[in-house]
Structures are given as structure tokens and as C-alpha cells.
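Remarks on the overall topology
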Amino acid sequence: QVRLVESGGGLVQAGGSLRLSCAASGTIASINSMGWYRQAPGKQRELVATVTSGGSTNYVDSVKGRFTISNDNAKNTVYLQMNSLKPEDTAVYCCTADLRTVWYRPPYTYWGQGTQVTVSS
């Protein structure tokens, strides 16, 4: 089994910063990519950022220049540094990992439970 555990959410004032972490554990043969999604109340879930095992990154336009995603392959961990936070960044942030549990099986996307980020104005 694979488990993703997020940490680092909380309450912050607009303009502040938070750093989210997500560690994947369990039976993992290889990780293709990890990422972060978020869902605000009454809104659809959206992809925030992804990072491949090779370090290539992708961001939704609304966070470019403010958020930075990074990974530590040795620790199967992904981070999301969030700066210049805005009230519209308020959401539950969920970690994902696209990985293989054994080399001969196709990759599968696993999800964490989510961590709340609240930005006050």
C-alpha cells in the first residue's frame, strides 16, 4: 500500500507564506511525478503545480511567480512553497503521486487526505 501524508497547512494573513510538504511511503518502485491540487468551497478542483522526478515543473497561471514546487527523490517528498498568499488561495490542498508499486505494473495516481490553507484578508 502507498500512503501520502501532507503537512504545513494553516492560517496566514494575506501576503504571508506557507510551506506544504507531502511524503509518500509504502511499496514504491518508482515515482514519475508528484503534485498539488486544491479545491476551494463551491469551486472545482484545480491543478496547482506538478514536478517530475527529473525536476520539470508546471504551474497554473494564477500561482506563477508566487509558488514554487520542489521534490526530494531520496525522501519521496514534494514541497510547495507558497509566497505572497492571497485570500483566493484559500482551499484544501491535496498531494498526488504518480508512481509504480512494482516495475512491471503501469503507474497509478495516489492522493493524500489534504491539508487546509486559509488566507485571511
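Our structure's up above, just so we're on the same page.
All figures in this text were calculated on a predicted structure; none of them were measured in a lab.

**A few points about the environment of T52**
Note that T52 resides in strand β5 (residues 46-52). For T52, a relative accessible area of 30% translates into the label partly exposed. When the C-alpha atoms of T52 and G112 are compared, they prove to be 17 Å apart, with 60 residues separating the residues in sequence. Beyond its immediate stretch of four places on either side in the chain, T52 contacts N32, S33 and N71.

**Thoughts on the packing of aromatic side chains**
Working definition: an aromatic ring pair is given by the centre-to-centre distance plus the angle between the planes. Inspection of the entire model under this criterion finds 3 aromatic pairs. Judged by centre distance (4.9 Å) and plane angle (45°), the ring pair of Y37 and W111 falls under tilted. Remark: W111 occurs in strand β10 (residues 108-111) and Y37 occurs in strand β4 (residues 30-39); sequence separation between them is 74 residues. Judged by its relative accessible area of 35%, W111 falls in the partly exposed class. On the basis of an interplanar angle of 75° and a centroid distance of 4.9 Å, the ring pair of Y108 and Y110 is categorised as edge-to-face. Its relative accessible area of 52% is what places Y108 among the exposed residues. Over the ring of Y79 we find R19; its NZ or CZ atom is 4.1 Å from the centre of that ring.

**Things to note about the pairing of β5**
Alignment of β4 against β5, held across 6 bridges, turns out to be antiparallel. Bridging from a neighbouring strand, S33 pairs with T52 of β5. Here β4 hands over to β5 after 6 residues, with G42 in that stretch at a positive phi of 75°. Relative to strand β6 (residues 57-59), β5 runs antiparallel, the two sharing 3 bridges. By the bridge assignment, T50 is partnered in β6 with N58. Counted between consecutive antiparallel strands, the loop separating β5 from β6 contains 4 residues, among which G55 sits at a positive phi close to 100°.

Calculation rules
- Residues numbered from 1 in each chain as written.
- Predicted model: local features only at pLDDT ≥ 70, side-chain atom pairs only at ≥ 80, totals over all residues.
- Heavy atoms only, no water.
- Helix = DSSP H or I, 4+ residues; strand = E, 2+ residues; numbered from the N terminus.
- Buried < 20%, exposed > 50% of the residue type's maximum accessible area, 1.4 Å probe, protein only.
- Contact = heavy atoms within 4.5 Å.
- Phe/Tyr/Trp six-rings, centres within 6.5 Å; stacked < 30°, edge-to-face > 60°.
- Lys NZ or Arg CZ within 6 Å of the ring centre and 35° of its normal.
- Pairing = 2+ DSSP bridges.

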